[in-house]
Amino acid sequence: MATTGAAINLRTPSLNNRLSSLSLSATKFSAFSVTTRNTRRRPRFIVLAASLDAKPTVLVAEKLGAAGLELLKEFANVDCSYNLSPEELCTKISLCDALIVRSGTKVSREVFESAGGRLKVVGRAGVGIDNVDLAAATEHGCLVVNAPTANTVAAAEHGIALLAAMARNIAQADASVKAGKWQRNKYVGVSLVGKTLAVMGFGKVGSEVARRAKGLGMHVIAHDPYAAADRARAIGVELVGFDEAISTADFISLHMPLTPATSKILNDETFAKMKKGVRIVNVARGGVIDEDALVRALDAGIVAQAALDVFTQEPPEKDSKLVQHENVTATPHLGASTVEAQEGVAIEIAEAVVGALRGELAATAVNAPMVPAEVLTELKPFVVLAEKLGRLAVQLVAGGSGVKSVKVTYASARAPDDLDTRVLRAMITKGLIEPISSVFVNLVNADFTAKQRGVRITEERITLDGSPENALEFIQVQIANVESKFASAISETGEIKVEGRVKDGIPHLTKVGSFEVDVSLEGSIILCRQVDQPGMIGKVGSILAEENVNVSFMSVGRIAPRKQAVMAIGVDEPPSKESLKKIGGIPAIEEFIFLKL
């Protein structure tokens, strides 16, 4: 997408009044961008169609509801070509301005390369975008939008349907009767009323499942490191920590996104913590469960039953031990498969695609067009710093408290009007939300996403004396009204506080709570609170060296000699659990945490 209008001077006063549209690449720090739109002209990517007095062409590669197709046809020429092979899609795409797919069509790098620059929008009719190469889309200036809200109720209803069907052995009893048997004693079920349901992930679908489970007389608890406690209390749900949720629940319903943090989060170790006879429902993503471990837990009787709508591989193998297990109820990814949901998704994605072709950037955008980034050269290292501070801060929050209030402080010698911090705020929001969510945050949707999740982000600027040559001296992120996994991260005023600076172009963590540190924000970080005494650096370093974990930076901040100190250690590779246990077992270490960047 080309830039229209003059280049932006970030030090020009009243910049906010001059910008009507900005977008930031959410996929690469080395390639981020700002797009300006002149209010008297449309973005260049639709000027071509307008100048030729021709409608854009939208290729619909998978079935879409009639209402969505009608919306598209009012604005564009619509080509409905289903079941295209990868080669056929690559051939056809060069004649299209937009592409709409569901989950069955892979929009690979080859598709974007074959488009020859004409493809401007890819619409995913649904929530996930696993089948779209986001990096390639951004590199080729193609906006990707999805439809994240229309199927919420349908997915929640399917979760409740599986919950009840599992509890009463509906699928197994039905198969038995149809086989000519009458086994009333074999298929005695369990009641839902009075039982504890743990909702793992308290987003749109999870909260709707909780509402319906309350109506069935269940006691509902939830775990979500991001959810606000007051929102949960409003529907009678208590937010608890992860271990408490899985160890006390009679039923567990999964509604978390598949991220590196949640991949195989239910595994041998977590199954061992569960109440014997627990029952599990998954209408989220297959990869959040270690399927081999689930089979072992079912065989051992730890898990009495499982009801699964999603699998790591879809469709699963015909001889899958999990699918064939007598205590498993399985459906073929039907969470969004209702007439109403399909129509809603069709309308939502059609509106998003049409809006994008008109030059509007909707809140459902999951990336942003790539344009030259000269105007952000100065802020480039601070963009990286901002996201990493957000990632650090959210990992310090203990489960159950919920993130509601975030304060960002920028220290600079420049006047407030000389520096637009929206890009920095967006990247902090990205860092706070993406590690625990399936949402892709960029400058387009950052404020919307934060508001939607009940997070209030405020900004404060500290004006320093000195030369305004450098854009910023430091960025500070504070999260209020939460508990911390690392008590030393709590400042004197009671908030989790992290602070960072850019040194020689590299982002550094310079403060944790009240402790001054200095560690490069590359790789990952181990934070230790310890008694300040000789030999501590050597002891920790030796444990890491035994495992061939390379230490990139190490810094110690202390209150006073021989008192408490915080040691920050930058490592290139994640240490094993055994090594971390050894570090925690050093007598002088009072607490520690491993933070992944």
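Anything mentioned here points back to the structure above.
Read on for a plain summary of the structure. (Residues numbered from 1 in each chain as written. Predicted model: local features only at pLDDT ≥ 70, side-chain atom pairs only at ≥ 80, totals over all residues. Heavy atoms only, no water.)

1. Some remarks on the overall build of the protein
The condition that has to hold: Comment: elements are numbered from the N terminus, with helices defined as DSSP H or I runs of at least four residues and strands as E runs of at least two. Exposure categories follow from relative accessible area, calculated using a 1.4 Å probe and restricted to protein chains: below 20% of the type maximum is buried, above 50% is exposed, and the middle band is partly exposed.
What the protein contains, in helices and strands, is 20 helices and 22 strands. When each of the 597 residues of the protein is scored for burial, the buried share is 53%.

2. Thoughts on the sheet that holds strand E6 (residues 196-200)
Here is the rule we go by: Two strands qualify as a pair provided that DSSP identifies no fewer than 2 bridges between them.
Across the sheet, which stays open at both edges, the 7 strands sit in the order E8-E7-E6-E9-E10-E11-E12 with parallel pairing between neighbours. Each edge of the sheet is formed by a strand with only one pairing partner; in this case those strands are strand E8 (238-239) and strand E12 (328-330). Bridge count between strand E9 (residues 251-254) and strand E10 (residues 278-282): 4 bridges; the pairing is parallel. Directly across from Phe 251, in E10, lies its bridge partner Arg 279.

3. Some remarks on helix H3 (residues 66-75)
Quick reminder of the rule: Here the arc refers to the directions that run from the helix axis out to each C-beta atom. In this analysis, two residues are considered to be in contact whenever any of their non-hydrogen atoms come within 4.5 Å of each other.
Among the residues making up H3, those that are buried are Gly 68, Leu 69, Leu 72 and Phe 75. All buried residues of H3 fall inside an arc of 125 degrees around its axis, so they share one side. In H3, those exposed residues whose orientation departs by more than 90 degrees from the buried face are Ala 66 and Glu 74. Where the residues of H3 are buried, they touch strand E1 (57-60), strand E2 (77-80), strand E3 (98-101) and helix H15 (339-357).

4. A look at H15
Our working definition: Here the expected span of a helix is defined as 1.5 Å times the quantity of residues minus one.
With 19 residues, H15 should cover 27 Å at 1.5 Å per step; its first-to-last C-alpha distance of 27 Å lies within 8% of that length. Of all the residues in H15, the buried ones are Ala 341, Val 345, Ala 346, Glu 348, Ile 349, Ala 350, Ala 352, Val 353, Val 354, Gly 355, Ala 356 and Leu 357. One or two positions beyond H15, positive phi appears at Gly 359, with a value near 100 degrees.

5. Some details on the environment of Gly 128
Checked against the element boundaries, Gly 128 lands in the loop between strand E4 (121-124) and helix H6 (134-139). The exposure class of Gly 128 is buried, given its relative accessible area of 10%. Sequence separation between Gly 128 and Ala 147 is 19 residues, and the spatial gap between their C-alpha atoms is 8.8 Å.

6. Observations regarding the packing of helix H19 (residues 536-546) against helix H20 (residues 577-584)
Our working definition: To define axes, lines are fitted to C-alpha atoms, for helices over the stretch in contact only, and angles between the resulting N-to-C directions are given on a 0 to 180 degree scale. Any angle from 65 to 115 degrees is called roughly perpendicular, while one under 35 is roughly parallel, one over 145 is roughly antiparallel, and all others are oblique. Working rule for handedness: look at the near helix, and if it is turned counterclockwise from the far one by less than a right angle, call the crossing left-handed; if clockwise, right-handed. Amino acid classes used here: Ala, Val, Leu, Ile, Met, Phe, Trp, Tyr, Cys and Pro are nonpolar; Asp, Glu, Lys and Arg are charged; the rest, including Gly, are polar.
For the pair H19 and H20, interaxial distance at closest approach is 10 Å and the crossing angle is 165 degrees. Classified by the angle their axes make, H19 and H20 are roughly antiparallel. Pair H19 / H20 crosses with right-handed handedness. Of the residues in H20, those touching H19 at Val 540, Ile 543, Leu 544 and Glu 546 are Ser 579, Lys 582 and Ile 583. Residues of the contact of H19 with H20, tallied by class, amount to 4 nonpolar, 1 polar and 2 charged.

7. Description of the nonpolar core
Our working rule: Here, the term nonpolar core denotes a set of buried Ala, Val, Leu, Ile, Met, Phe, Trp, Tyr and Cys residues that are joined through side-chain atoms within 4.5 Å.
Core analysis: the biggest nonpolar cluster contains 51 residues, and Val 406, Leu 424, Leu 432, Ile 475, Ile 479 and Leu 509 have the highest contact counts within it. Considering every element that reaches this core, the biggest residue donor is helix H16 (residues 380-395), with 8 residues. Beyond its immediate sequence surroundings of up to four residues, Ile 475 is in contact with Phe 382, Leu 385, Ala 386, Leu 389, Val 408, Thr 409, Tyr 410, Leu 424, Ile 428, Val 498, Glu 499 and Gly 500. In terms of nonpolar packing, the next biggest core, distinct from the first, is built from 30 residues, Val 240, Phe 271, Leu 294 and Val 303 among them.

8. A few points about the pattern of salt bridges
Heads up, the condition is: Salt bridge, as used here: a side-chain nitrogen of Lys or Arg that lies within 4 Å of a carboxyl oxygen of Asp or Glu.
For the structure on display, the rule yields 21 salt bridges. The salt bridge involving Glu 208 is made with Arg 212; its shortest N-O contact spans 2.7 Å. In this pair, Glu 208 and Arg 212 both sit in helix H9 (residues 204-215), 4 residues apart, roughly one turn of the helix. In this structure, the salt-bridge partner of Arg 425 is Asp 447, at a minimum N-O distance of 2.9 Å. Highlighted residues: Arg 425 in helix H17 (residues 422-433) and Asp 447 in helix H18 (residues 446-452), separated in sequence by 22 residues. According to the relative accessible area criterion, Asp 447 is partly exposed, its value standing at 45%.

9. Examining unusual backbone geometry
Residue Pro 315 follows Glu 314 across a cis peptide bond; omega there is -5 degrees. Relative to the helices and strands, Pro 315 resides in the loop between strand E11 (303-308) and helix H14 (321-324). We note that Lys 264 has phi near 50 degrees; this positive angle belongs to a residue other than glycine. Along the chain, Lys 264 turns up in the loop between E9 and helix H12 (268-271). Of note, the phi angle at His 333 is positive, near 55 degrees, even though the residue is not glycine. Take His 333: it is sitting in the loop between E12 and H15.

10. Observations regarding the packing of H3 against H15
Across the interface, H3 lies against H15 with an axial gap of 7 Å and an inter-helix angle of 20 degrees. Judged by the inter-axis angle, H3 sits roughly parallel to H15. Handedness of the H3/H15 crossing: right-handed. Here Ala 66, Ala 67, Gly 68, Leu 71, Leu 72 and Phe 75 of H3 lie close against H15, whose contacting residues are Glu 343, Ala 346, Ile 347, Ala 350, Glu 351, Val 353, Val 354 and Leu 357. Class assignment of the residues belonging to the contact of H3 with H15 gives a composition of 11 nonpolar, 1 polar and 2 charged.

11. Considerations on the sheet that holds E4
Read from one edge to the other, the open sheet built from 5 strands follows the order E2-E1-E3-E4-E5, with strand pairing classed as parallel. Sheet topology places E2 and strand E5 (143-146) at the edges, where each strand pairs with a single neighbour. With strand direction ignored, the average angle separating the axes of adjacent strands in the sheet is 20 degrees. Relative to E2, H3 is tilted by about 140 degrees, and along the sheet it contacts E1, E2 and E3. Against the sheet, H15 makes contact with E1, E3, E4 and E5, and its axis sits at roughly 170 degrees relative to E4, the strand it touches most.

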